[in-house]
Amino acid sequence: MSEERVGFFTDTSVCIGCKACEVACKEWNAIPEDGLSLSAMSYDNTQALGASTWRHVAFVEQPKPEGRTQLPLADEESGDGEMRWLMSSDVCKHCTHAACLDVCPTGSLFRTEFGTVVVQEDICNGCGYCVPACPYGVIEQRPHDGRAFKCTLCYDRLGAGQEPACAKACPTESIQYGPLDELRERAALRVDQLHEAGSTEARLYGADPDDGVGGDGAFFLLLDRPEVYGLPPDPVVTTRDLPTMWKHAGVAALSVLGGLAACFAVSGRPGRGPR
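Remember, predicted model here, so these are calculated numbers, not experimental data.

Trainee: Sorry, what's going on with the confidence of the model for the protein chain here?
Mentor: Low pLDDT means the predicted coordinates in that region are not meant to be read closely. For the protein chain, per-residue confidence averages 86 on the pLDDT scale, and residues scoring 70 or more make up 83% of the total. Throughout residues 73-79 the model reports pLDDT below 50, and contacts reaching past four residues in sequence, or to other chains, amount to 5 contacts.

Written out as structure tokens, the structure is:
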């Protein structure tokens, strides 16, 4: 990488579910419309990340768990039995160890100079190997041509010195863009602030460089367990065991070749004829 690694810090504690990020993403990247029907479970009309949804605002409505706190709205009294909203704008994580890169046979997926992971749609052959490789279920193929699509972190805007469209449009600064190390420091301070305010369940997700994917280029501050937001609790790069598997396969292949060579050597010896 020739540039400092950049990424997203999404602070879900200040997300208001306005969907400005979804709209800005679609407008800038000319992403096709992917449905305007409500799911009948919430105000969510996109439901999940996909080939035509690169930003997805999750709406989690649930009874407030007993003994847990939430950040109160202005003049709002808290009490047991109340409902709570947890909202979060999800996106591709731009993993440090990206399995999608490992399995792409054409080089369509590549690591940019900013440390982000981008799909080149004109090189993608629609093989779909990247889809099951992603531990977050982010990448999807479009039905009409089979090519894979996902968030590019507005690679074209970064090259022009601009911030991504979603971060630019976010009215509460829930989505923050910048150098990854700086964002991690800022996020740690925010968690401490929330803990002091009584929101002890606040935690960071994807910010640890020692996790199963080497840390995410897009990480989150959550107010509950990752599963509540539809995120895997302990993601691991799916190609982690490939080197060991190839090593064992190589040893097995050499053993077979050695056995065949021995068989040919024995069968090729001149036998003793009758005297």
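Trainee: How should I be thinking about the sheet that holds strand E9 (residues 203-205) in this particular structure?
Mentor: Backbone hydrogen bonds are what pair the strands of a sheet, in a parallel or an antiparallel way. Read from one edge of the open sheet, 4 strands run E8-E1-E10-E9, paired in mixed fashion. For this open sheet the edge positions go to strand E8 (175-179) and E9, each flanked by a neighbour on one side alone. Averaged over all pairs of adjacent strands, the angle between strand axes in this sheet comes to 25°, irrespective of strand direction. In this sheet, E8 lies alongside strand E1 (residues 6-11) in antiparallel orientation, the contact comprising 5 bridges. Bridge pairing links Thr10 to Ile175 in E8. Each of E1, E8, E9 and strand E10 (218-222) is contacted by helix H6 (residues 180-196), which is oriented at about 135° to E8, the strand it contacts most.

Trainee: Would you explain helix H1 (residues 20-29) in this entry?
Mentor: Residues spaced three or four apart along an α-helix point in a common direction, a consequence of the helix completing one turn every 3.6 residues. Inspection of H1 places Cys21, Glu22, Ala24 and Cys25 among the buried residues, and these make up the whole buried set. Where H1 is buried, its residues touch strand E2 (55-63), strand E3 (83-91), helix H5 (165-169) and E8. Downstream of H1 by a residue or two, Ala30 has a phi angle that is positive, lying close to 55°.

Trainee: Help me understand H6, please; the structure alone is not making it clear to me.
Mentor: For H6, built from 17 residues, the straight-helix expectation of 24 Å at 1.5 Å per residue is met to within 8% by its first-to-last C-alpha distance of 25 Å. If you check which residues of H6 are buried, you get Leu180, Leu183, Arg184, Ala187, Arg190, Val191 and Leu194. Looking straight down H6, one finds its buried side chains confined to an arc of 125°; they lie on one side. Along H6, the residues that are exposed and aim more than 90 degrees away from the buried face are Asp181, Glu185, Leu189 and Glu196. Tucked inside the fold, the buried residues of H6 contact E1, E8, E9 and E10. Just past H6, the residue Gly198 takes up positive phi, approximately 105°.

Trainee: Would you explain the packing of aromatic side chains in this entry?
Mentor: What characterises a pair of aromatic rings is the spacing of the ring centres plus the angle enclosed by the ring planes. Tallied over the full model, the rule gives 4 aromatic pairs. Here the aromatic rings of Phe110 and Tyr155 are separated by 6.0 Å at their centres, their planes lie at 70°, and the arrangement is edge-to-face. Linking Phe110 in strand E4 (residues 109-111) with Tyr155 in helix H4 (residues 155-159), this pair joins segments that are 45 residues apart in sequence. For Phe110, a relative accessible area of 23% puts it in the partly exposed group. Residue Tyr155 is classed as partly exposed on the basis of its relative accessible area, which comes to 26%. Ring plane angle 75° and centroid distance 6.1 Å describe the contact between Phe114 and Tyr155, whose orientation is recorded as edge-to-face. Here Phe114 is found in the loop between E4 and strand E5 (117-119), whereas its partner Tyr155 is found in helix H4, with 41 residues between them in sequence. Judged by relative accessible area, Phe114 falls into the buried class, the value being 9%.

Calculation criteria
- Residues numbered from 1 in each chain as written.
- Predicted model: local features only at pLDDT ≥ 70, side-chain atom pairs only at ≥ 80, totals over all residues.
- Heavy atoms only, no water.
- pLDDT = per-residue confidence, 0-100.
- Contact = heavy atoms within 4.5 Å.
- Pairing = 2+ DSSP bridges.
- Helix = DSSP H or I, 4+ residues; strand = E, 2+ residues; numbered from the N terminus.
- Axes fitted to C-alpha atoms, helices over the stretch in contact; angles between N-to-C directions.
- Buried < 20%, exposed > 50% of the residue type's maximum accessible area, 1.4 Å probe, protein only.
- Expected span 1.5 Å × (residues − 1).
- Arc of directions from axis to C-beta.
- Phe/Tyr/Trp six-rings, centres within 6.5 Å; stacked < 30°, edge-to-face > 60°.

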